[in-house]
Every structure is written in structure tokens, then in C-alpha cells.
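# Geometric and topological summary
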Amino acid sequence: MSKKVPLLGMFVAFAVILSYVESCIPVLGIPGMKIGLANLAIIIVLYLEGTKEAAVCNFVRILIVGFMFGNLFSIFFALAGATLSMLVMVIMKKTNKFSIMIVSMFGGIFHNIGQIVVAAFVVDNYYVFGYLPILILIGAVTGVIIGIVSRLVLDRIDKFYNNKGDIQ
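Quick look at the structure, then. Computed from a predicted structure; not experimentally measured. (Residues numbered from 1 in each chain as written. Predicted model: local features only at pLDDT ≥ 70, side-chain atom pairs only at ≥ 80, totals over all residues. Heavy atoms only, no water.)

## Describing the pattern of salt bridges
- All chains considered together, the criterion is met by 3 salt bridges.
- We note a salt bridge from Lys4 to Glu53, for which the minimum N-O separation is 2.6 Å. With Lys4 in helix α1 (residues 4-23) and Glu53 in helix α3 (residues 51-69), this residue pair connects regions lying 49 residues apart in the sequence.
- Beyond isolated ion pairs, a larger network of salt bridges with shared partners links Lys4, Glu49 and Glu53. (Salt bridge = Lys/Arg side-chain N within 4 Å of Asp/Glu carboxyl O. Helix = DSSP H or I, 4+ residues; strand = E, 2+ residues; numbered from the N terminus.)

Structural data, given as C-alpha cells:
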């Protein structure tokens with residue numbers, strides 16, 4: 001068995017736990033608004049392992065969380081946001097011109113944009129785009145925070161491997 005399978009399983013579990021923790025945090029204001037804690041695990045996987053692995057973790061996490069805490073609509077909305085977010089983050093990361101904080105910030109912004117676009121089609125009402133300015137601001141702020149924490153975690157992982165050697 002590949003060494004990646006247990007590692008990715010651990011990150012999926014971490015993302016599911018973060019999603020649960022996030023569901024316990026009351027966020028006032030915008031209906032359905034979340035901080036995006038689970039994206040911490042996804043960004044770490046993106047930078048640690050790569051695009052395919054991050055996309056798989058994100059997809060599996062969305063399905064598990066959707067079936068445990070949500071419904072088919074929540075899965076659909078999460079997939080729309082995550083797909084657009086992942087696409088933007090992967091493109092930005094591949095340029096090597098942006099810090100992890102900026103990549104994460106745009107991930108948060110585009111996650112919200114993806115969900116608003118789907119919401120507009122589902123409710124057949126384009127007034128939901130009125131939420132977009134505040135969602136862009138919230139996505140930017142939370143994305144920056146997640147990016148900073150991701151950088152700190154990745155630095156510690158790198159320090160561990162450089163000081164202790166590779167775990168077999």
C-alpha cells in the first residue's frame with residue numbers, strides 16, 4: 001500500500017473534524033456562512049502532496065461531511081465552491097508568484113463566488129448576488145487566516161523532517 005493512503009486518510013479525518021468544530025461555532029450574519037476551517041487541511045495537502053491528492057481529500061471530505069451533517073444540497077453547494085476554489089488555488093500555486101496566504105485568500109473568495117453562483121441558479125433569483133461583497137470580504141479575511149495557519153503548520157512539518165529525519 002502506498003504511504004500516501006494513510007497520510008491522506010489522516011488529512012481527510014482532520015478536515016472532517018474541523019468541519020464538525022466549525023459547525024459548533026455560531027456565525028452571525030449571512031445564512032450558511034462558515035469560516036472554512038476544513039480548508040486548512042486541504043491547503044496543507046495541496047502544498048505537501050500536490051493537486052490530485054488535495055482534490056481527492058476535498059471531495060471525500062465534502063461527501064463525508066455532507067452525509068454526516070448536511071444533505072444533498074449542502075454537498076452540491078460545497079462541491080461548487082470547492083471546485084472553483086481548488087481551480088483558482090492550483091493555478092495561483094503553479095505560478096510560484098503568490099504566497100500561501102494569498103493563494104488561500106483567493107481560495108476563500110472563489111469558494112464563496114462558486115456557492116453564490118449555484119445559489120442564484122437554485123433559487124432562480126439573482127438578488128443573492130447582493131451578498132457577494134460581504135462574502136468576498138469574509139472569504140478574504142478567513143482565507144488569509146487559514147493561509148497563515150497553513151504556513152505555520154507546513155513550516156513545523158518541514159522543521160520536523162529536517163531535524164528528525166524521514167519517518168519510515
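## Overview of the packing of helix α2 (residues 39-48) against α3
- Closest axis-to-axis distance for the α2/α3 pair is 7 Å, and the angle between their directions is 160°. It follows that α2 is roughly antiparallel to α3 by the angle criterion. As α2 runs across α3, the sense of the crossing is right-handed. Here Ile42, Val45 and Leu46 of α2 lie close against α3, whose contacting residues are Thr51, Glu53, Ala54, Cys57 and Asn58.
- Residue composition of the contact of α2 with α3, grouped by class: 5 nonpolar, 2 polar and 1 charged. (Axes fitted to C-alpha atoms, helices over the stretch in contact; angles between N-to-C directions. Parallel < 35°, antiparallel > 145°, perpendicular 65-115°, else oblique. Left-handed = near helix turned anticlockwise from the far one by under 90°. Contact = heavy atoms within 4.5 Å. Nonpolar A, V, L, I, M, F, W, Y, C, P; charged D, E, K, R; others polar.)

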